[in-house]
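# Working through the structure, step by step
In case you want the letters, here they are:
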Amino acid sequence: MKRQSQGEVIKVSGPLVIAKGMRDADMFDVVEVSESRLIGEIIEMHGDEASIQVYEETAGLGPGEIVVSRGAPLSVELGPGLIGGIFDGIQRPLDTLVAMEGDHITRGAFAPALDREKEWEFTARCKPGDRVTGGDIIGVVQETEILEHRVMIPPGKAGTIVEIQSGVFKVTDVVAILETDRGAREEITLLQRWPVRIGRPYVEKMSPTAPLFTGQRPIDTFFPVAKGGTAAVPGPFGSGKTVIQHQLAKWAEADVVVYIGCGERGNEMTDVLMEFPKLPDPKTGYSLMKRTILIANTSDMPVAAREASIYTGITIAEYFRDMGYSVSLMADSTSRWAEALREMSGRLEEMPGEEGYPAYLGSRLASFYERAGIVRCLSSDDEERVGVLTAIGAVSPPGGDLSDPVAQSTLRIVQVFWSLDSDLAYRRHFPAINWLTSYSLYQTKVDAWLNDNIAPEFSKLRVDAMTLLQEESELEEIVRLIGQDALSDTDRLKLESARSLREDFLHQNSFDEIDTYTSMNKQFKMLSLVMQFYYEAQKALERGVDFDRMVGLPIRDDIARFKYVPEQEVDNWYVLRSEQLLDEMRALSD
Amino acid sequence: MAREYRTIEEVTGPLMLVRGVENVKYDELGEIELADGQIRNCKVLEVEGTDALVQLFESSIGLNVEQSTVRFLGRGLELAVSPDMLGRVFDGMGRPNDGGLDIIPDAMCDVNGLPINPAARDYPNEFIQTGVSAIDGLNTLVRGQKLPIFSGAGLPHAQLAAQIARQAEVLNSEEQFAVVFAAIGITFEEADFFISDFRRTGAIDRAVMFINLADDPAIERISTPRMALTAAEYLAFELDMHVLVLMTDITYYAEALREVSAARKEVPGRRGYPGYLYTDLASIYERAGRIKEKRGSITFVPILTMPDDDKTHPIPDLTGYITEGQVILSRDLYRRGIQPPIDVLPSLSRLKDKGIGAGKTRKDHADTMNQLFAAYSRGKEARDLQIILGEEALSEIDLEYSKFSVAFEEQYVSQGFDTDRSIEETLAIGWELLSMLPANELKRVRQEYIDEFYIWEEAEACE
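Here's what I pulled together on the structure shown here. (Residues numbered from 1 in each chain as written. Chains lettered and ligands numbered in written order. Predicted model: local features only at pLDDT ≥ 70, side-chain atom pairs only at ≥ 80, totals over all residues. Heavy atoms only, no water.)

Moving on, we get to the overall build of chain B. A count of helical and extended segments in chain B gives 14 helices and 21 strands. In terms of overall dimensions, chain B is globule-like: its C-alpha atoms have a radius of gyration of 25 Å, near the 23 Å expected for 463 residues. Overall size of chain B, expressed as C-alpha extent along the three principal axes, is 85 × 50 × 40 Å. In chain B, which comprises 463 residues, the proportion classed as buried is 62%. In chain B, 72% of the contacts between residues at least 6 apart in sequence involve partners at least 24 apart. Entry remark: accessible area of chain B is about 17000 Å², with carbon and sulfur atoms responsible for 47%. The positive charge centre, built from 47 side chains, and the negative charge centre, built from 77, are 4 Å apart in chain B. (Helix = DSSP H or I, 4+ residues; strand = E, 2+ residues; numbered from the N terminus. Rg over C-alpha atoms; globule rule 2.2 N^0.38 Å. Buried < 20%, exposed > 50% of the residue type's maximum accessible area, 1.4 Å probe, protein only. Contact = heavy atoms within 4.5 Å. Areas by Shrake-Rupley, 256 points an atom, 1.4 Å probe, with all protein chains shown as cover. Lys, Arg positive; Asp, Glu negative; His and termini not counted. Charge placed at Lys NZ, Arg CZ, Asp CG, Glu CD.)

Next comes the structure, spelled out in structure tokens:
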């Protein structure tokens, strides 16, 4: 056991406390400040003076109060009981705190992250005599109806199992005993700890190829994110960042979702807490809360804990990834995290970089996103276990200006960029993803997958649709200068079809029961119908059919209403409407 | 008895350095006694060894370094709260300034409050009828929401705020809102407008007012919003009242904050405002809301004037990131005589979706709202084209949209500051306007609602 060091406060300035007599403490050790035992972390050492960022309100602290180091870095508790929970930035369980302390968060409040009293049914998957190493699954706990919690040997440990049994255990109970090669005995509990600032190890990282379906049309069809990929959603306020993040948390095809509310509104977390239990997971039909973990550090909560919250979140996500699950992590918003970094940096009187942000902003952001990926999990088994961690971060640039340092540093790292546009938002075109400025670097990889699995012509349709949208923006310039009359019928058809593409396909109403989620099959059929009209109308124009008559065809209303057709009726509906489209077009030529 | 220090070393702007102190805590409240016996308040900003850096809450005029004494009170800034606060007027530091007696406190509350545990919050979803169509119909306010008004110098935000305070009610509920009003650095005339309006309508009996005028010390403004919200929290969560907090003008608050930050020589963020402006504003705005198993609620309507009508200025920008939407006033509409000049397109209420619909307002509300937005936006685009290219350049349908958008502004938005429209009236006007357009253009409205509400005669009359 490392020697614990005890010092005394000499300076208090907001969340920064400086203590002397801390020579024995290590960098990034967790410390307890004063009698109320406020949690803090050592972020700088000068001789025996330690600069400590305190994760709680420091009002009432003064020089002379004691500071005790815990001799370990900031860690999270990992084990059954995480799913469905809501935790703050340093993993205090917020629902337990309500019961303990009331409606407001008081200082020094403490409760263990995982319920110590709750009992779990553990089923052993190993037997005495088996040789195991870090990452090996020794047993499982059915944590929720849809999630089997796989209990792993903590990374770095190895040995032979001496004792293991199935049964009912609390998280701190010993479920297995290992004998290491040196003959020492190691006790394995359901609960393990991991320091948040260090990524959990894996065997190797692989390149993402399969798409992560989200049920959101502009995303899945035009700007897909791959499983294990990284994406950023920057946009000014009111452009729908949070709605997109919520939609992804709801509908993304993942086994586990970690949602980090980092310096955002309290009501947004409440919304998730109240709405998710009522929503069914499209894949399993069980409540979404049975796969969701919330990390909430709202904007009025202490700023230093906000800095820690994204690390807490991603470490939990990595833990489930290591079990071989597909985990999606949403961080809303990384800009607030960066601001917390800036505030601490300012208090430390560091030399500021751009806009007052510390010079290490870019490298911190990069190392956060780099913890995402698709990996071969640590294990000594012959069968490969693959875990996925997809990270999606919201960015809130001031005034929507993307030259902001946080936005720029993020764009350098992420592979997918969903650019939210306030003009689209004002027109109530949601999701307000600008189709001309957004991009996805996974496009080619994902295209191959879509052509193989959905329809061979998928990528062609998409490219044609994108071209149409591109042409629309050019044509609109002309219309703005010389008016609609100057356009040829071919160009007018392009404008009309692009409008249909925007309104009938890209526009998606998150608050409509049916429209909120669109399966890949329906997405393809919707896009296909919109484009069929365009192709057929082009042919009809060549035959000399009047443009205005085509625009007024009844099928166009049906195309517009396709989004409200329930999933089970889609196939039938599509066949009927495609025929109707051809019939109506043919009738025009006669 | 607290120890008194006669060791003030320096006073610069709102900051003061006291040496040789013992046992002083961060954020502790202090009292400075001037040579002539006057008492001024201050608080500890930073404490290092035996030096305390304190921030004055009041002006430093007449403060003598040699002869003034400081004592620290061992607590933070507090407000005396009691049900008797209703109907009273206080200054920016929470002292009565209506000539009445001091409040006999029911409790003393720390003005900084504590963050609300997100797990204890209840989601705001009860529709508030403000009687203003542009708000009720399109940017619906719900109980417990924080919805700021973004205005500009010279725009009638005060009239709109007073109208909301006067008319706000929750449907099918007898309960009236208590109003907490905080004036932060505004002129006497503007404050007087609110006070007279509350008097005229009798709202004054259920109002608590905190007044810091333009000629009061700027530094007091940092406390004023916290005083007001502490009073609001007491009324809402202790006395079970529904509270509407009006606050004007947040811009002056942020400027006071900048003044302190500059005096501390902190690294400035954008436009000289401190890097923690977001966090600081959040600690004010986030105090609005509802709490589970508490009957009361705090609905918060702060007003801020955007410098040079610039929405990307740090104050409106950061506010927009924290609040649940915004109501934006437009100078262009104001010039054209639209009253209230609410620019509905950039305005937004994030919580509207859970506060409207069947059982709350009416089942077609959401669809109508989306359609009005889409149609108005298209109509405005058409109007822009019309200005450049003339009427002939527009297609027939664009021309209809253009006419629609003009009628929308004149009939839907412009209702004056004295008209109180029920939600039924607002929805009816919406359908009258939508019926100017052909029914098949209404792609955002479900067919069943078109069948029920679309006015076919109106459509014929337009043709």
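Along chain A, the regular secondary structure elements total 16 helices and 26 strands. Taking 25 Å as the expected radius of gyration for a compact globule of 590 residues, we find that chain A reaches 27 Å, a close match to that expectation. Along the first, second and third principal axes, the C-alpha set of chain A runs to 90 × 55 × 40 Å. Taking as baseline every contact in chain A between residues at least 6 positions apart, the subset at least 24 positions apart corresponds to 70%. Surface exposure of chain A reaches about 21500 Å², of which carbon and sulfur atoms provide 49%.

This part covers helix α12 (residues 423-434) of chain B. All names here are of chain B. For α12, which comprises 12 residues, the first-to-last C-alpha distance of 16 Å matches the rise-based estimate of 16 Å (1.5 Å per residue) to within 8%. When we look at burial in α12, the residues that qualify are Ile423, Thr426, Leu427, Ile429, Gly430, Trp431, Leu433 and Leu434. Packed against the buried residues of α12 are β12 (128-129), α1 (133-138), α10 (365-389), α11 (396-413) and α13 (447-453). (Expected span 1.5 Å × (residues − 1).)

Take a negative patch on the surface next. Taken together, the side chains of Asp84, Asp106, Glu238 and Asp240 of chain B make up a negatively charged region of the molecular surface. Residue aspartate 240 of chain B is classed as partly exposed on the basis of its relative accessible area of 31%. (Patch = residues over 30% accessible without salt bridge, like charges linked within 9 Å, V, L, I, M, F, W, Y side chains within 5 Å. Salt bridge = Lys/Arg side-chain N within 4 Å of Asp/Glu carboxyl O.)

Residues and elements named next belong to chain A. On the secondary structure map, glutamate 143 appears in strand β11 (residues 137-144). Side-chain polar atoms of glutamate 143 contact the backbone nitrogen of glycine 81, separated by 2.7 Å. A distance of 2.6 Å separates a polar atom in the side chain of glutamate 143 from a polar atom in the side chain of histidine 149. In contact with glutamate 143, other than residues within four places in its own chain, are Pro80, Gly81, Leu82, Ile83, Trp120, His149 and Phe320. (Polar contact = N/O pair within 3.5 Å; in protein donor to acceptor, adjacent residues only side chain to side chain.)

Glancing now at the packing of aromatic side chains. Counted by the stated rule, this structure contains 26 aromatic pairs over all chains. Between the aromatic rings of phenylalanine 237 of chain A and phenylalanine 150 of chain B, the centroid separation amounts to 6.2 Å while the plane-to-plane angle is 80°, which identifies the pairing as edge-to-face. Taken as a pair, phenylalanine 237 of chain A in the loop between β19 (230-234) and α3 (241-251) and phenylalanine 150 of chain B in strand β13 (residues 149-151) lie in two separate chains rather than in one. Taking the relative accessible area as the measure of exposure, phenylalanine 237 of chain A reaches 7% and is therefore buried. Three or more aromatic residues joined by ring pairs form one cluster here, namely Phe181, Phe193, Phe194 and Phe198 of chain B. Between the NZ or CZ atom of arginine 336 of chain A and the centre of the ring of tyrosine 278 of chain B, over which it lies, the distance is 3.7 Å. Sitting over the ring of tyrosine 273 of chain B, arginine 258 of chain B keeps its end group 4.2 Å from the ring centre. (Phe/Tyr/Trp six-rings, centres within 6.5 Å; stacked < 30°, edge-to-face > 60°. Lys NZ or Arg CZ within 6 Å of the ring centre and 35° of its normal.)

Let's shift gears to the environment of aspartate 255 of chain A. Residues and elements named next belong to chain A. Mapped onto the fold, aspartate 255 is located in the loop between α3 and β20 (256-262). A relative accessible area of 25% means that aspartate 255 is categorised as partly exposed. In this structure the C-alpha to C-alpha distance between aspartate 255 and isoleucine 146, which are 109 residues apart in sequence, comes to 8.4 Å. Leave out the neighbours within four places in its chain, and aspartate 255 touches Leu147, Lys283, Arg291, Tyr325 and Ser326.

Often the size quoted for an interface is simply the accessible area lost on bringing the parts together. With 77 residues of chain B at the contact, the number on the chain A side is 78 residues. A combined buried area of about 6400 Å² lies between chain B and chain A, and 52% of that area is made up of carbon and sulfur atoms. Interface area lost by chain B to chain A is led by Tyr26, Tyr321 and Lys443 of chain B, which between them contribute 12%. The tally of links from chain B across to chain A stands at nine salt bridges. With its nearest N and O atoms 3.5 Å apart, the salt bridge here joins lysine 25 of chain B to glutamate 65 of chain A. Viewed at the interface, chain A and chain B are joined by 33 residue pairs in polar contact (both at pLDDT 80 or more). Mapped by element, the contributors of at least two residues to the side of chain B that touches chain A are β5 (39-48), β11 (121-122), α6 (277-285), α7 (314-322), α9 (352-355), α10 and α13 of chain B. Of all the elements, α10 of chain B adds the most residues to the side of chain B that touches chain A, at nine residues. Residues of the side of chain B that touches chain A, tallied by class, amount to 36 nonpolar, 17 polar and 24 charged. Where strand β1 (residues 6-13) of chain A meets β5 of chain B, two bridges bridge the pair, whose relative direction is antiparallel. (Buried area = accessible area lost by both parts, 1.4 Å probe. Nonpolar A, V, L, I, M, F, W, Y, C, P; charged D, E, K, R; others polar. Pairing = 2+ DSSP bridges.)

Now for unusual backbone geometry. In this chain, phenylalanine 430 of chain A is followed by proline 431 of chain A through a cis amide linkage whose omega measures -10°. For proline 431 of chain A, the position within the fold is in the loop between α9 (422-426) and β26 (439-440). Following threonine 248 of chain B, the chain continues to aspartate 249 of chain B via a peptide bond in cis, the omega torsion being 15°. The phi torsion at arginine 428 of chain A lies on the positive side, around 60°, for a residue other than glycine. Looking at the element boundaries, arginine 428 of chain A is found in the loop between α9 and β26. The class for arginine 428 of chain A is buried, based on a relative accessible area of 5%. For asparagine 23 of chain B, which is not glycine, the phi torsion reads 60° and is therefore positive. Structurally, asparagine 23 of chain B can be placed in the loop between β3 (15-18) and β4 (29-33). Classification of asparagine 23 of chain B as exposed rests on a relative accessible area of 61%.

All names here are of chain A. Strand order in this open sheet of four strands is β10-β13-β15-β16, and the pairing throughout is antiparallel. The sheet is open, and its two borders are formed by β10 (131-133) and β16 (185-189), each paired with just one other strand. On average, adjacent strands in this sheet sit at an angle of 45° to one another, irrespective of strand direction. Where strand β13 (residues 158-164) and strand β15 (residues 174-179) come together, four bridges link them in antiparallel fashion. Bridge pairing links isoleucine 164 to alanine 176 in β15. (Axes fitted to C-alpha atoms, helices over the stretch in contact; angles between N-to-C directions.)

Inspection of the entire model under this criterion finds five cavities of 30 Å³ or more. The space that makes up the largest cavity amounts to roughly 200 Å³. Looking at the largest cavity, it is lined by 19 residues, and the ones nearest its centre are Glu339, Arg342 and Pro398 of chain A together with Arg270 and Leu318 of chain B. When contributions to the lining of the largest cavity are tallied by element, the ones reaching two or more residues are α6 (334-347) of chain A together with α6 and α7 of chain B. A per-class count over the lining of the largest cavity returns nine nonpolar, four polar and six charged. Taken as a whole, the second largest cavity spans an internal volume of roughly 80 Å³. As for the second largest cavity, its lining consists of 14 residues, of which Gly238, Ala425 and Tyr426 of chain A together with Pro346 and Leu348 of chain B are closest to the centre. For the lining of the second largest cavity, the element with the highest residue contribution is α9 of chain A, accounting for three residues. Partitioning the lining of the second largest cavity into residue classes produces seven nonpolar, five polar and two charged. (1 Å grid on protein atoms, 1.4 Å probe; cavity = no way out; pocket = protein on both sides within 12 Å on 5 of 7 lines; lining within 4 Å. Points joined across faces, edges and corners; volume = space filled by probe spheres on them.)

No statement about biological role is implied by the geometric values presented.
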